Amino acid sequence: MKITDVKTCKYNLELVEPFSIALGTLEKAENVLVKIVTDNGLVGIGEAAPTPFVTYETPGSIITLIEKHFKKLLIGEDPRNTELLITKMDQVIKGNSCAKSAIDIALFDLVGQIYETPLFQVLGGSKNSFTSDCTISIGEPEEVEKKARTIINQGYSILKIKVGLDEEKELSGIKRLRDSLDPGIRIRLDANQGWNPKQALSIIEKVEKFDIELIEQPVPKEDFSGLAFIRARTNIPIMADESLFSPQDALRLVQMEAADLFNIKLMKSGGLLKAKKIAAIGEAAGINCIVGCMMESRVALTAAAHLVASTPNITGADLDAQNALRTDPVVGGVDFKGGPIPLPLSPGLGIKKINI
Ligand SMILES: [Mg+2]
């Protein structure tokens with residue numbers, strides 16, 4: 001079996017409302033859809049969802065890289081040789097994890113279709129459903145509470161609150177949630193690199209009484225020592241997100257004792273293959289993982305769901321972009337509303353059609 005063509009297509013996804021985090025505000029998602037076609041008529045689907053201020057890529061850079069460089073590596077090759085093909089992409093260019101992720105997802109979709117097996121079982125088949133949290137972007141305390149109530153009414157019981165811009169306002173929002181919501185609701189905080197280590201410790205001391213499940217990326221991505229400094233001084237688990245792109249980053253976080261948890265995203269790791277390698281490093285070090293997302297359509301989100309369901313030490317998910325997007329061009333795949341979320345049992349990703 002051989003790959004005969006690789007197609008790319010840029011498409012825009014409209015957000016329900018602008019999404020604000022400590023690093024910036026997203027007004028819309030500009031993503032790239034990839035199709036890999038084989039000589040027996042199968043089509044594997046993948047997606048790149050660049051967030052330029054996190055992944056340093058744009059739709060233009062992704063399309064250029066795939067069309068001018070990756071396409072010629074792939075055509076004529078057997079799509080089942082995933083390790084070989086992904087290694088070849090790494091030999092062409094370092095980084096560019098979103099472009100590589102789109103190819104990786106499409107290859108694994110093909111592998112599932114070839115073996116007529118759902119992707120989560122191709123990847124290991126640990127469970128067939130999972131639970132996701134839902135994220136609330138930075139906002140006024142009353143607005144945060146209102147959004148929390150809407151999300152809980154949709155069936156979610158884990159909230160991820162974005163922080164890292166305005167300490168006083170954010171503390172008052174968290175207090176408001178804890179005072180008004182059922183105590184069984186789990187609350188995670190994500191500072192998106194917004195604090196320095198000492199500031200982070202001072203804020204962490206103030207939120208300890210609010211039963212916070214974890215704190216994500218408190219300090220700038222390069223500051224591994226800062227993560228280790230904070231982690232050594234609090235009982236709240238510290239999760240690395242922007243500090244963790246590659247398996248090499250995961251190894252360094254372990255060596256520096258800088259994280260209690262890993263946040264794996266396909267757009268940072270460069271796809272499923274390397275995401276599994278990161279999870280394996282976590283497993284060896286006794287670190288559990290959560291799989292998160294960028295502003296991905298249900299193409300990349302469905303791939304991420306298969307990853308969650310395939311890996312025992314991936315114990316949580318932050319796969320909530322479907323709630324933030326007004327447009328949903330995907331037919332089939334995983335439906336992320338509420339929870340628990342079941343995996344599709346059709347081959348590969350289980351996506352039937354994309355309406356773009
Ligand atoms: Mg994060």
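**What to know about the overall build of the chain**
Moving on, step 1. Looking only at helices and strands, the chain features 14 helices and 15 strands.
Moving on, step 2. What you see for the chain is a C-alpha radius of gyration of 20 Å, in line with the 21 Å of a compact globule of 356 residues.
Moving on, step 3. Based on the C-alpha atoms only, the size of the chain along its principal axes is roughly 60 × 40 × 35 Å.
Moving on, step 4. Burial analysis of the chain (356 residues in total) assigns 50% to the buried set.
Moving on, step 5. For the chain, the share of sequence-separated contacts (at least 6 apart) that also reach a separation of at least 24 residues comes to 73%.

**Points about the domain arrangement of the chain**
Moving on, step 1. Assigned domains of the chain: these are domain 1 (3-116) and domain 2 (121-354).
Moving on, step 2. The gap between the C-alpha centroids of domain 1 and domain 2 is 22 Å.
Moving on, step 3. Listed by contribution, the elements that provide at least two residues to the side of domain 1 that touches domain 2 are β1 (3-21), β2 (24-38), β3 (43-48), α1 (52-55), α3 (82-92) and α4 (97-114).
Moving on, step 4. Among the elements that line the side of domain 1 that touches domain 2, the one with the most residues is α4, at twelve residues.
Moving on, step 5. Its residues placed into classes, the side of domain 1 that touches domain 2 shows 20 nonpolar, ten polar and seven charged.

**Let's talk about the packing of helix α2 (residues 59-74) against α3**
Moving on, step 1. Running from N to C, α2 and α3 point in directions that differ by 145°, and their axes come no closer than 10 Å. Between α2 and α3 lies a crossing of right-handed hand. On α3, the residues touching His69, Phe70, Leu73 and Leu74 of α2 are Leu85, Lys88, Met89 and Val92.
Moving on, step 2. When the residues that make up the contact of α2 with α3 are grouped by side-chain class, the tally is six nonpolar, one polar and one charged.

**Details of helix α6 (residues 141-153)**
Moving on, step 1. With 13 residues, α6 should cover 18 Å at 1.5 Å per step; its first-to-last C-alpha distance of 19 Å lies within 8% of that length.
Moving on, step 2. Here the buried face of α6 lies against β5 (134-136), β6 (158-162) and α7 (167-180).
Moving on, step 3. Gly155 sits one or two positions beyond α6 and adopts a positive phi of about 110°.

**Looking at the environment of Lys175**
Moving on, step 1. Tracing the backbone shows Lys175 in helix α7.
Moving on, step 2. A sequence separation of 32 residues divides Lys175 from Val207, and the C-alpha atoms of the two residues are 8.4 Å apart.

**Some remarks on the nonpolar core**
Moving on, step 1. Membership of the largest hydrophobic core comes to 106 residues, with the highest contact counts inside it found for Ala102, Ala259, Phe262, Val291 and Ala304.
Moving on, step 2. No other element matches the ten residues that α4 contributes to this core.

**Quick word on α4**
Moving on, step 1. A rise of 1.5 Å per residue sets the reference length of α4, with its 18 residues, at 26 Å; its end C-alpha atoms lie 25 Å apart and thus fit the reference within 8%.
Moving on, step 2. For α4, the buried fraction is high: 17 of the 18 residues fall into the buried class.
Moving on, step 3. At the exit of α4 stands Glu116, carrying a positive phi of roughly 50°.

The rules we used
- Residue numbers here run from 1 along each chain, matching the order of that chain's written sequence.
- Local features are withheld for residues below a pLDDT of 70 in this predicted model, meaning they are given only at 70 or higher, and side-chain atom pairs are given and counted only at 80 or more; totals for whole chains, interfaces and linings count all residues.
- Numbered from the N terminus, helices here are DSSP runs of H or I no shorter than four residues, and strands are runs of E no shorter than two.
- Using C-alpha atoms as the atom set, the radius of gyration is obtained and then compared with a globule rule of 2.2 Å times the number of residues to the power 0.38.
- Around each residue's C-beta, the other C-beta atoms within 10 Å are counted; 20 or more make the residue buried, 12 or fewer make it exposed, and counts in between make it partly exposed. All C-beta atoms are placed from the backbone.
- In this description, any two residues whose backbone-derived C-beta atoms lie within 7 Å of each other are considered to be in contact.
- The split into domains, and so the bounds of each, comes from an automatic or database assignment of domains.
- In this classification, the charged set is Asp, Glu, Lys and Arg, the nonpolar set is Ala, Val, Leu, Ile, Met, Phe, Trp, Tyr, Cys and Pro, and all remaining amino acids, among them Gly, are polar.
- In this description, a line fitted to the C-alpha atoms serves as the axis of each element, helices being fitted only across the stretch in contact, and the angle between N-to-C directions of two axes falls anywhere from 0 to 180 degrees.
- Two helices crossing with the near one rotated counterclockwise from the far one by less than a right angle form a left-handed crossing, whereas a clockwise rotation gives a right-handed crossing.
- Residue count minus one, scaled by 1.5 Å, sets the expected span of a helix.
- Each nonpolar core reported here comprises buried Ala, Val, Leu, Ile, Met, Phe, Trp, Tyr and Cys residues connected via C-beta atoms within 7 Å.

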